[in-house]
Amino acid sequence: MSEPSTTPGEGFHPHLHDAPGSPAGPLRSRLHHIRADALDGDTAQTGGMRRFSAVSGKTVGSEKLWMGQTHVAPSTASSDHHHGESETAIHVVSGHPEFVFIDDSGGEPEEIRLRTSPGDYIFVPPFVPHREENPDPAEEAVVVIARSTQEAIVVNLPGLDALRPDGTH
């Protein structure tokens, strides 16, 4: 048996007032419900992708976490980029996005392509250049992203082999 979704101010949380002009407690003294239709598109972007913030310092007052969605259109690749000091965890919601990076742990640098399916997870360490691709000609790829920094750090790069801050590839 499934119950209908709640409406702001009704049902499950009648004491939380989400209407404009309603009084709200300090951001860090209550739980926050971020509705799917209320994601914030005013975040760092990379060509070929659309990022939407759900949990951030701006939206809920988080200090150590950023979480949101990324949409990659059919037959599209993002620009090469990294996320600075942020650790990034990715959960594939729909589509079959591919994550591309250079692996130089075996001596000779080699381009690696991780092909994913809904339900899969990807971990991106800090400062690792990569790009997301959606090779499907018809279906958008959607992923949920969590980062270990308050805001979405995006450093766009000229290529996957761009130098990291420590001078290594």
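Below you will find a few notes about this structure. (Residues numbered from 1 in each chain as written. Predicted model: local features only at pLDDT ≥ 70, side-chain atom pairs only at ≥ 80, totals over all residues. Heavy atoms only, no water.)

Re the overall build of the chain
In terms of helices and strands, the chain carries 1 helix and 11 strands. Listed N to C, the secondary structure of the chain is β-α-β-β-β-β-β-β-β-β-β-β in terms of helices and strands. Out of the 169 residues belonging to the chain, those deemed buried represent 34%. Taking all contacts inside the chain whose residues are at least 6 apart in sequence as the whole, residues at least 24 apart take part in 69%. In the structure as shown, the chain presents an accessible area of about 9800 Å², 56% of it carried by carbon and sulfur atoms. (Helix = DSSP H or I, 4+ residues; strand = E, 2+ residues; numbered from the N terminus. Buried < 20%, exposed > 50% of the residue type's maximum accessible area, 1.4 Å probe, protein only. Contact = heavy atoms within 4.5 Å. Areas by Shrake-Rupley, 256 points an atom, 1.4 Å probe, with all protein chains shown as cover.)

Quick notes on the environment of Val142
Note that Val142 resides in strand 10 (residues 141–147). Here Val142 falls in the buried class, since its relative accessible area comes to 10%. When the C-alpha positions of Val142 and Ala73 are compared, they lie 8.8 Å apart, and in sequence the two are 69 residues distant.

Notes on the pairing of strand 10
Counted residue by residue, strand 10 has 5 buried out of 7 residues, so it is predominantly covered. Two elements, strand 2 (residues 66–72) and strand 10, share 7 bridges in a ladder whose sense is antiparallel. Pairing of Met67 across the sheet is with Ala146, part of strand 10. For strand 5 (residues 88–94) and strand 10, the ladder comprises 6 bridges, and the chain directions are antiparallel. Bridge pairing in strand 10 places Ser94 opposite Val142. (Pairing = 2+ DSSP bridges.)

Here we look at the sheet that holds strand 6 (residues 98–103)
Across the sheet, 4 strands lie side by side as 3-9-6-7; this open sheet has antiparallel pairing. Of all the strands in the sheet, the pair left with one neighbour each is strand 3 (76–77) and strand 7 (110–115). Direction of pairing for strand 3 relative to strand 9 (residues 131–134): antiparallel, over a ladder of 2 bridges. Note that in strand 9 the partner of Ala77 across the bridge is Glu133.

Things to note about the pattern of salt bridges
Evaluation of the coordinates by the stated rule reveals 8 salt bridges. Among the charged side chains, a network of salt bridges with common partners joins Asp80, Glu98, Glu111, Arg113, Arg115, Arg131 and Glu133. (Salt bridge = Lys/Arg side-chain N within 4 Å of Asp/Glu carboxyl O.)

Observations concerning the environment of Tyr121
Relative to the elements of secondary structure, Tyr121 occurs in strand 8 (residues 121–124). Residue classification places Tyr121 among the exposed residues on the basis of a relative accessible area of 61%. Along the sequence, Tyr121 and Val93 sit 28 residues apart, while their C-alpha atoms lie 9.6 Å from each other. Setting aside anything within four residues of it in sequence, one finds Tyr121 in contact with Ile90 and His91.

Examining the environment of Phe99
Residue placement: Phe99 occurs in strand 6. For Phe99, a relative accessible area of 4% gives the class buried. Residues Phe99 and Val124 lie 25 residues apart in sequence; the distance between their C-alpha atoms is 9.7 Å. Setting aside chain neighbours within four positions, we find Phe99 in contact with Ile90, Ile112, Arg113, Leu114, Thr116, Ile122, Arg131, Glu132 and Val143.

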